[in-house]
Amino acid sequence: MLLTHRFNFLKIAFIILIFGFLSSCIVHYPSDIRGIYSYYKVTEKEHPNFIQRPDSNLCKKESEEPFIIYRIRADELKACLVESTKSIVYFWSPNCSAPVCIPPNYAQEYSSRRNVDLLIIATYYDYEKMNYDYNLDRPLLGIDTEYYRSNLTSRYLDRFKTDLIGKEAFEENKIGRFYLFESDSLVMVRSSIEELEI
């Protein structure tokens with residue numbers, strides 16, 4: 001009888017130990033993982049006038065308060081690129097903390113010192129990070145996720161970039177946040193702004 005109680009105790013202890021180990025392996029993700037999804041609909045619902053479709057003067061707009069994010073398509077960005085001799089397009093992820101994810105104001109300073117236009121495309125929507133005065137020459141831009149028919153960042157971003165530079169160039173330049181253009185012709189794609197040969 002004593003042996004049976006001891007066996008049951010060890011069995012229960014083993015089950016508790018295994019359960020404790022397995023439960024420690026469960027990863028609890030936050031309810032909003034910025035960067036995987038666009039958060040366009042959430043941002044639009046919470047801040048209805050913050051994200052807008054651009055009018056025909058998009059390329060002439062300056063950054064001003066109250067801040068407005070223009071959700072654009074690649075052809076609208078191309079129209080702005082044609083109007084500039086040289087431009088940097090920066091695909092900015094608001095919550096990225098990697099060294100290549102520089103703040104918009106740093107990208108603006110870098111571009112201004114080199115007399116190059118800067119267009120910043122947010123890869124997803126984050127009201128807290130986007131509704132901030134970064135002292136930019138132009139407003140922040142976002143991708144029209146409805147046009148690209150996806151809420152998954154990787155999917156609509158790939159479609160946007162393919163429309164912007166073409167399938168072949170996109171396949172060769174998948175990695176990189178900084179795109180250097182002469183007019184609307186792609187010159188190079190780099191991971192960091194310092195790698196651009198300007």
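Residues numbered from 1 in each chain as written. Predicted model: local features only at pLDDT ≥ 70, side-chain atom pairs only at ≥ 80, totals over all residues. Heavy atoms only, no water.

## Topic: the state of the cysteines
Note on terminology: a disulfide is the covalent bond linking the sulfur atoms of two cysteines. Taken as a whole, this structure holds two disulfides when the rule is applied. Each disulfide pairs two cysteine sulfurs, and for Cys-59 the partner residue is Cys-80, the sulfurs being separated by 2.2 Å. Disulfide Cys-59 to Cys-80: torsion about the S-S bond roughly -90°, handedness left-handed. Placement of the pair is Cys-59 in the loop between strand E1 (51-52) and strand E2 (69-72) and Cys-80 in helix H3 (residues 74-82), with a sequence separation of 21 residues. With its sulfur 2.0 Å from that of its partner, Cys-96 forms a disulfide with Cys-101. Judged by the torsion about the S-S bond (65°), the Cys-96/Cys-101 disulfide is right-handed. A residue is classified by how much of its surface remains accessible, and Cys-101, at 11% relative accessible area, is buried. (Disulfide = S-S within 2.5 Å. Helix = DSSP H or I, 4+ residues; strand = E, 2+ residues; numbered from the N terminus. Buried < 20%, exposed > 50% of the residue type's maximum accessible area, 1.4 Å probe, protein only.)

## Things to note about the pattern of salt bridges
Scanning the model with the defined rule gives ten salt bridges in all. Residue Asp-117 is joined to Arg-138 by a salt bridge in which the shortest nitrogen-to-oxygen separation is 3.9 Å. One end of the pair, Asp-117, is in strand E4 (residues 117-122); the other, Arg-138, is in the loop between helix H5 (127-130) and strand E5 (141-143), and 21 residues separate them in sequence. A cluster of three or more residues bridged by salt bridges with shared partners is formed by Arg-53, Arg-71, Arg-73, Glu-76, Asp-144 and Glu-146. (Salt bridge = Lys/Arg side-chain N within 4 Å of Asp/Glu carboxyl O.)

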